[in-house]
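These are the residues of each chain, in order.
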Amino acid sequence: GAVVSQHPSRVICKSGTSVKIECRSLDFQATTMFWYRQFPKQSLMLMATSNEGSKATYEQGVEKDKFLINHASLTLSTLTVTSAHPEDSSFYICSARDRGGADTQYFGPGTRLTVL
Amino acid sequence: AQSVTQPDIHITVSEGASLELRCNYSYGATPYLFWYVQSPGQGLQLLLKYFSGDTLVQGIKGFEAEFKRSQSSFNLRKPSVHWSDAAEYFCAVGLYSGAGSYQLTFGKGTKLSVIP
């Protein structure tokens, strides 16, 4: 089956620093990747849609200068949380759409970000 | 705008008992419908999906779901629950967003506990 990886799985950083999270589709090409945020005991909230080779589309209320998304290839999208603050602490999950016709989103295992 | 309702926040069943998790959606057209499962601290795994055709959908791990248009429902069922099924279950609706892709809107999730 289609596999999506995320790196790192956990990161702890100091307030004010930037953190980059990678999302990779390991065995398929993904023209579209999605970034979600999940608060404890809550559902997933879509942050942005990332299309290969173009600018990401952000959901209402998501600061694009805060959450920088780059989708440079058909297998890699990155989310950079800039000048992180404690309120950015959350579980970040990416998904990738299988371009090969299954038309299904496959999810990565998530990244736990803790900002001190 | 589309929405997804999972009325049950937490369900506890005994191992071997049958299970039904409820999901209702609000959407102007026939949606794409999904059920995902999330184990603690993990990403989401697709259990099954409905795009069109047969309204009874078979998924992995012995799960099935039935799309009922008249009730705007897509309930998840399993005839005999195993202890390893304990997890959080999310129902999702897919909204076509153009360029051959779609965005997912998730319900708040139902936590399943299994009594040995």
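Here's what I pulled together on the structure shown here. It should be emphasised that the depicted structure is a prediction, and the values quoted were computed from it without experimental measurement. (Residues numbered from 1 in each chain as written. Chains lettered and ligands numbered in written order. Predicted model: local features only at pLDDT ≥ 70, side-chain atom pairs only at ≥ 80, totals over all residues. Heavy atoms only, no water.)

Points about the overall build of chain A
So, point 1. Scanning chain A for helices and strands turns up 0 helices and 11 strands.
So, point 2. Of the regular secondary structure in chain A, the N- to C-terminal order runs β-β-β-β-β-β-β-β-β-β-β.
So, point 3. Computed over its C-alpha atoms, the radius of gyration of chain A comes to 13 Å, within 12% of the 13 Å expected for a compact globule of 116 residues.
So, point 4. Its C-alpha atoms give chain A principal-axis dimensions of about 40 × 25 × 20 Å.
So, point 5. The burial tally for chain A puts 49% of its 116 residues in the buried class.
So, point 6. In chain A, of all internal contacts separated by at least 6 residues, the share reaching a separation of at least 24 is 55%.
So, point 7. As presented, chain A carries roughly 5,600 Å² of accessible surface, and 51% of it is formed by carbon and sulfur atoms.
So, point 8. The average position of the 12 basic charges and that of the 10 acidic charges among the side chains of chain A differ by 5 Å. (Helix = DSSP H or I, 4+ residues; strand = E, 2+ residues; numbered from the N terminus. Rg over C-alpha atoms; globule rule 2.2 N^0.38 Å. Buried < 20%, exposed > 50% of the residue type's maximum accessible area, 1.4 Å probe, protein only. Contact = heavy atoms within 4.5 Å. Areas by Shrake-Rupley, 256 points an atom, 1.4 Å probe, with all protein chains shown as cover. Lys, Arg positive; Asp, Glu negative; His and termini not counted. Charge placed at Lys NZ, Arg CZ, Asp CG, Glu CD.)

As for the nonpolar core
So, point 1. Ranked by size, the top nonpolar core spans 26 residues in total, and within it Leu19(B), Trp35(B), Leu47(B), Leu48(B), Phe74(B), Leu76(B) and Tyr89(B) carry the most contacts.
So, point 2. Every element with two or more residues in this core is listed here: strand S2 (10-14), strand S3 (19-21), strand S5 (32-38), strand S6 (44-50), strand S8 (64-68), strand S9 (73-78), strand S10 (87-98) and strand S12 (110-115) of chain B.
So, point 3. The leading source of residues in this core is S10(B), at 4 residues.
So, point 4. Residues contacting Leu76(B), with those up to four places away along its chain left out, are Leu19(B), Glu20(B), Leu21(B), Trp35(B), Leu47(B), Leu48(B), Phe63(B), Glu64(B), Ala65(B) and Tyr89(B).
So, point 5. The next biggest cluster of nonpolar side chains, apart from the first, holds 23 residues, and it includes Trp35(A), Ala56(A), Tyr92(A) and Leu113(A). (Core = buried A, V, L, I, M, F, W, Y, C linked by side-chain atoms within 4.5 Å.)

Comments concerning the side chain of Thr80(A)
So, point 1. By the element assignment, Thr80(A) lies in strand S8 (residues 76-81).
So, point 2. Aside from chain neighbours lying at most four places away, what touches Thr80(A) is Ser18(A), Val19(A), Lys20(A), Lys66(A), Phe67(A) and Leu68(A).

Side note on the sheet that holds strand S7 (residues 67-73) of chain A
Residues and elements named next belong to chain A.
So, point 1. The antiparallel open sheet is built from 4 strands, whose spatial order is S1-S3-S8-S7. With one partner strand each, in any of the chains shown, strand S1 (4-7) and S7 form the two edges of the open sheet. Direction aside, neighbouring strands of the sheet carry axes that sit 15° apart on average. (Pairing = 2+ DSSP bridges. Axes fitted to C-alpha atoms, helices over the stretch in contact; angles between N-to-C directions.)

Digging into the interface of chain A and chain B
So, point 1. At the junction of the two partners, chain A supplies 20 residues and chain B supplies 19 residues.
So, point 2. Together chain A and chain B conceal approximately 1,600 Å² of surface at their shared face, both sides included; 48% is due to carbon and sulfur atoms.
So, point 3. The tally of links between chain A and chain B comes to 0 salt bridges.
So, point 4. Put simply, the parts of the chain that give the side of chain A that touches chain B at least two residues each are strand S4 (32-38), strand S5 (44-51), strand S9 (90-97) and strand S10 (105-107) of chain A.
So, point 5. Tallied by class, residues from the side of chain A that touches chain B come to 9 nonpolar, 8 polar and 3 charged. (Buried area = accessible area lost by both parts, 1.4 Å probe. Salt bridge = Lys/Arg side-chain N within 4 Å of Asp/Glu carboxyl O. Nonpolar A, V, L, I, M, F, W, Y, C, P; charged D, E, K, R; others polar.)

Some points on the state of the cysteines
So, point 1. Throughout the structure, instances matching the rule amount to 2 disulfides over all chains.
So, point 2. Note on cysteine connectivity: Cys23(A) is disulfide-linked to Cys94(A), with sulfurs 2.0 Å apart. What sets the handedness of the Cys23(A) and Cys94(A) disulfide is the S-S torsion sign, and at about 80° it is right-handed. Here the residue Cys23(A) occupies a position in strand S3 (residues 19-25), and Cys94(A) occupies one in strand S9, the gap between them amounting to 71 residues. Here the two residues Cys23(A) and Cys94(A) agree in accessibility, since each one is buried.
So, point 3. Here Cys23(B) pairs with Cys91(B) through a disulfide, and the sulfurs are 2.0 Å apart. On the sign convention where negative is left-handed, the bridge of Cys23(B) and Cys91(B), at about -65° about the S-S bond, is left-handed. Remark: Cys91(B) occurs in strand S10 and Cys23(B) occurs in the loop between S3 and strand S4 (24-26); sequence separation between them is 68 residues.
So, point 4. Given the relative accessible area of 0%, Cys91(B) is considered buried.
So, point 5. Here Cys13(A) is not disulfide-linked; the sulfur of Cys94(A) is the nearest cysteine sulfur, at 18 Å.
So, point 6. With a relative accessible area of 10%, Cys13(A) lands in the buried category. (Disulfide = S-S within 2.5 Å.)

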